[in-house]
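# Structure at a glance
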Amino acid sequence: MHSFHSMLNYFPEEVLEHIFDFLTSHRDRNAVSLVCKSWYAVERFSREKVFVGNCYAISPERLIARFPRVRSLTLKGKPHFADFNLVPNDWGGYVQPWIESIVRGRVNLEELRLKRMLVSDESLELLATFFPNFKSLVLVSCEGFTTDGLAAIASNCRFLRELDLQENEVEDRRGQWLSCFPDSCTSLVSLNFTCLKGEVNLASLERLVARCRNLRSLRVNNAVPLDALQRILAQAPQLVDLGTGSFVHDPDTESYNKLETSMQKCTSITSLSGFLDVSARCLPAVYPICGQLTSLNLSYAPGIYSDELVKLICYCNRLERLLVLDTIGDKGLGVVASSCKELQELRVFLSDVYGIGNTAVTEEGLVAISAGCPKLNSILYFCQQMTNEALIMVAKNCPNFIRFRLCTLNPTVPDAITMQPLDEGFGAIVKSCKDLKRLSISGLLTDQVFLYIGRYAKQLEMLSIAFAGDSDKGMLSVLNGCKKLKKLEIRDCPFGNVALLADMGKYETMRSLWMSSCEVTFGACKTLAQKMPRLNVEIINENDQIEASVDDKQKVEKMYLYRTLVGPRKDAPGFVWTL
Amino acid sequence: MEGYSRKVMGCPQLLDLIPKEEWQVKSAEETSHGLSEEKKLELRLGPPGGDWTIKQVNGPKNESPLPFGYFTNTTPWKHQTKGTVYPLMGKESCRTVELQDAEKKAFSPANTAVPNSGSAQKRTAPAPVVGWPPVRSSRKNLANGNSSKLSSESQSVVPNKDFSKKPIESCPKSKFVKINMDGVPIGRKVDLKANDSYDKLSSAVDELFRGLLAAQSDSSTNCIKNEEEGQKAISGLLDGSGEYTLVYEDNEGDKMLVGDVPWDMFVSTVKRLRVLKSSEIPMLSRGSKPGKLSLNGSMK
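Residues numbered from 1 in each chain as written. Chains lettered and ligands numbered in written order. Predicted model: local features only at pLDDT ≥ 70, side-chain atom pairs only at ≥ 80, totals over all residues. Heavy atoms only, no water.

### Notes on the sheet that holds strand S4 (residues 255–257) of chain B
Residues and elements named next belong to chain B. Sheet architecture is open: five strands sit in the order S2-S1-S5-S3-S4, paired in mixed fashion. The open sheet has two edge strands with one neighbour each: strand S2 (184–191) and S4. For this sheet, the mean angle separating the axes of adjacent strands, direction not counted, is 30 degrees. Here five bridges tie strand S1 (residues 176–181) to S2, and the two strands are oriented antiparallel to one another. Note that in S2 the partner of Val177 across the bridge is Val190. (Pairing = 2+ DSSP bridges. Helix = DSSP H or I, 4+ residues; strand = E, 2+ residues; numbered from the N terminus. Axes fitted to C-alpha atoms, helices over the stretch in contact; angles between N-to-C directions.)

In structure tokens, the structure reads:
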């Protein structure tokens, strides 16, 4: 009797390859390549998209050796807590060596997606020079480059389809980078430069939009005024995704009336964002398209208060994704709950990071949303206070959460009514939401919440903890129970060496672990590093000199460890010590 | 992170912002449950002079009248780690909390009852804390209307050990708004809390722009700067009498003449300022009705 395995071997490789083409997720492809050697071989030659979750887990040379036909590369650099100033800027995550290797390897790179990496103008220039077919550049939370680098991309990538800049820190060199797109460039499908601070030549922008008939997504920056936006919309009624620039104008003018008309003609827009500078009196221009929106981001719009937000949102009956500031208030969220029945993702950000937050939202808003929006599966919620009762209700109403991130202004605030820890509330969430992949908890929390997480959060991949727990038991519960855990980030928790060293092999099943201001000591980190050669255990020590004779009993300020196939990295700056 | 006490042998676990010697003096007093005079006057979580009782638990919804930076009412306490039940206010597990130097360091260290030295310490956050709340730099400063700018705080931050330097009041101590002047390509910023009246604002504008304006006219007319002539003062900004007039853009996007409303109201609604040539403003005459200006073009 032939085994299934040998039957499949009768398929020529081209057939296998064709079958694998249908596998788009990199996880599926990874799984397939583990089946047998011939599948591994077929898969690696046919893989075009490679995802590298930690740029230091592998070297570019090895990647290219395995996947010589790679066309699209995604790389992530700094740990997530770098977003909140916990990681020094020059920690690492340079893309330059990757681009150099790709150039040397004669790879036909068409797409590059980077997150939290350091990108230099030189890197961008290399990209522009050596990859004539380059089509798509997506940079998220990166820094180190200027508009000169963008100019190089614009000038040289003749078939550029996508230039998407999200939340990057870009130095503006006033070189009119956007004017560098040649007249022959008509291929743009997506252009997002919201995060740039400087001006662009408006006439160039309008001409660019006019000649790129396939443009679907356009997000401009604050330097693009409303009347320019009107002219752009008049040229591009086919847009699907729009990010406005400055949305401030006197509504009693002809410019504004024209905008209303042009907006009405944009019947394809389903995603709206921008409003970095906005006057509430201009918002009505957007009403005509509200009914078609599936995604709305008002989270950068200061000074739009609850009433005005609500007036807009109540028309958005098809909304699936909403990002707002907490100025919306609990009442406003109540209106969202009754208007947006299709809502899947909600993010409520802080409008005033330092202040009292009188307009902040509470548990009431969250409960209202959960009750009104049964399809809710992803939430990020900054709030003044929370209660167990509310969380339990939310868990009951919405068992479909994939992402649940709660952040209380005061990181250790107890249940607002009972003054108890919020263990039971979060326990209810993890118990009810069986598909939960990402969780951030906050508030007064003891080891109990981690017992619940370990017991119930079986699909959990990413967990963020701050100021929580009582003892090593907490961390141990998570490490033992969450079998699919990939990223664990912990700050200011009383977890120490016992938890860190209990199951060292666990870290090879994870992408990374971050621990800062906890109880782990140098000695324990050294032990871990010694016993696990396939982990890089890095200590970030900004203050003291790193000397060989550091006391083992001393607590470590910041530790970041990750699995890697290529040993300690060679580009670590002086304050990063790989043990 | 500085500010969190490591386990100090033999002492109750408190945050380490109090020098050790000072702390040890106090601890002797506190282990007895008698109340010293000093203790009665201390700021505490409980009612003055009293100790925690279970009655506190079912109190009204926490209203937390203090701004975020003050963690008094909401400071956690340490539970007994071994038990699964949480006796909220066992006498031996709660201590009063001291506020140290309230005007500088506004935080409440958590008192922890540590029955055995092996258990870890509960952490509370002194306020404010690096990286909390977890908000990206690009999202900070939205309230000030500087939403298009990425905050310079995103530079590498060494944890600020001197908490007295951080803003702890609920209102910021300064309100900087942009101010541009016709004919001058570079804008300035002016602090409306430091210059806290219309007159002071007017003088500030003169100070900020007099030199720049002079430099502009020098370069544009190519004449040799005659230092003896001095620079012409910018005056008459508020009454229409000068060559320039001060206008502002409010929180609704409207352009308004500066000076119509009481100063405090002005500060709460102003988003940016502009110094325009009086000749460009129609209907600008003394005694004209207060109201909106409709100027051509948007204010940059």
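### So, the nonpolar core
Judged by nonpolar contacts, the single largest core of 185 residues is most densely connected at Phe193, Phe247, Phe404, Ile453, Leu500 and Leu513 of chain A. Sequence-distant contacts of Leu513 of chain A, defined by excluding residues within four places in its chain, comprise Met475, Leu488, Ile490, Leu500, Tyr507, Met559, Tyr560 and Leu561 of chain A. Within the second largest apolar cluster, 26 residues are counted, among which are Leu192, Tyr198, Ile234 and Leu246 of chain B. (Core = buried A, V, L, I, M, F, W, Y, C linked by side-chain atoms within 4.5 Å. Buried < 20%, exposed > 50% of the residue type's maximum accessible area, 1.4 Å probe, protein only. Contact = heavy atoms within 4.5 Å.)

### A closer look at the pairing of strand S4 (residues 136–140) of chain A
Residue and element names in this part refer to chain A. Extensive coverage of S4 is indicated by the burial of five of its five residues. The alternating pattern of S4 places Ser136, Val138 and Val140 and Leu137 and Leu139 on opposite faces, both of which are buried. Examined bridge by bridge, strand S3 (residues 111–115) and S4 share five bridges and lie parallel to one another. Across the sheet, the residue bridging to Arg113 is Val138, located in S4. Viewed along the sheet, the connection from S3 through helix H7 (residues 121–130) into S4 turns out right-handed. Where S4 lies against strand S6 (residues 162–166), five bridges are found, and the strand directions are parallel. What sits directly across from Leu137, in S6, is Leu163. (Right-handed = clockwise from strand over helix to strand, strands pointing away.)

### Brief notes about the environment of Phe181 of chain A
All names here are of chain A. Within the secondary structure layout, Phe181 lies in the loop between strand S7 (169–171) and strand S8 (190–192). On the basis of relative accessible area, Phe181 is assigned to the buried category, the value being 4%. Along the sequence, Phe181 and Pro68 sit 113 residues apart, while their C-alpha atoms lie 31 Å from each other. Ignoring sequence-local partners within four residues, the contact set of Phe181 consists of Ala154, Leu160, Leu163, Leu188, Leu208 and Arg211.

### Re the pattern of salt bridges
For the coordinates displayed, the defined rule picks out 31 salt bridges over all chains. Between Arg136 of chain B and Asp83 of chain A there is a salt bridge, with its nearest N and O atoms 3.5 Å apart. Here Arg136 of chain B, found in the loop between helix H2 (37–41) and S1, pairs with Asp83 of chain A, found in the loop between strand S2 (72–76) and helix H6 (96–104), and the two come from separate chains. Taking the relative accessible area as the measure of exposure, Asp83 of chain A reaches 9% and is therefore buried. (Salt bridge = Lys/Arg side-chain N within 4 Å of Asp/Glu carboxyl O.)

### Section: the packing of aromatic side chains
Summed over the entire model, instances satisfying the criterion amount to 23 aromatic pairs over all chains. An angle of 80 degrees between the planes, with centres 5.6 Å apart, marks the rings of Trp177 of chain A and Phe193 of chain A as edge-to-face. Placement of Trp177 of chain A in the loop between S7 and S8 and of Phe193 of chain A in the loop between S8 and helix H9 (202–211) is noted, with a sequence separation of 16 residues between them. Each member of the pair, Trp177 of chain A as well as Phe193 of chain A, is classed as buried. When the centroid spacing of 5.0 Å and the interplanar angle of 75 degrees are considered together, the rings of Phe401 of chain A and Phe404 of chain A count as edge-to-face. Through successive ring pairs, a cluster of aromatic residues spans Tyr56, Phe81, Phe84, Trp91, Trp514, Tyr560 and Tyr562 of chain A. Across from the ring centre of Phe45 of chain A, 4.3 Å away, lies the NZ or CZ of Arg44 of chain A, which sits over that ring. Sitting over the face of the ring of Phe349 of chain A, Arg139 of chain B holds its NZ or CZ atom 3.5 Å from the ring centroid. (Phe/Tyr/Trp six-rings, centres within 6.5 Å; stacked < 30°, edge-to-face > 60°. Lys NZ or Arg CZ within 6 Å of the ring centre and 35° of its normal.)

### Structural notes on helix H3 (residues 26–33) of chain A
Residue and element names in this part refer to chain A. When we look at burial in H3, the residues that qualify are Arg29, Val32 and Ser33. Summarising the axial view, the buried residues of H3 lie within an arc of 95 degrees, below the 170-degree limit, and thus occupy one face. Buried residues along H3 sit against helix H2 (13–21), helix H4 (37–46) and helix H5 (60–66). One side-chain oxygen at the N-terminal end of H3 lies 3.1 Å from the backbone nitrogen of Arg27; it belongs to Ser25. (Arc of directions from axis to C-beta. Polar contact = N/O pair within 3.5 Å; in protein donor to acceptor, adjacent residues only side chain to side chain.)

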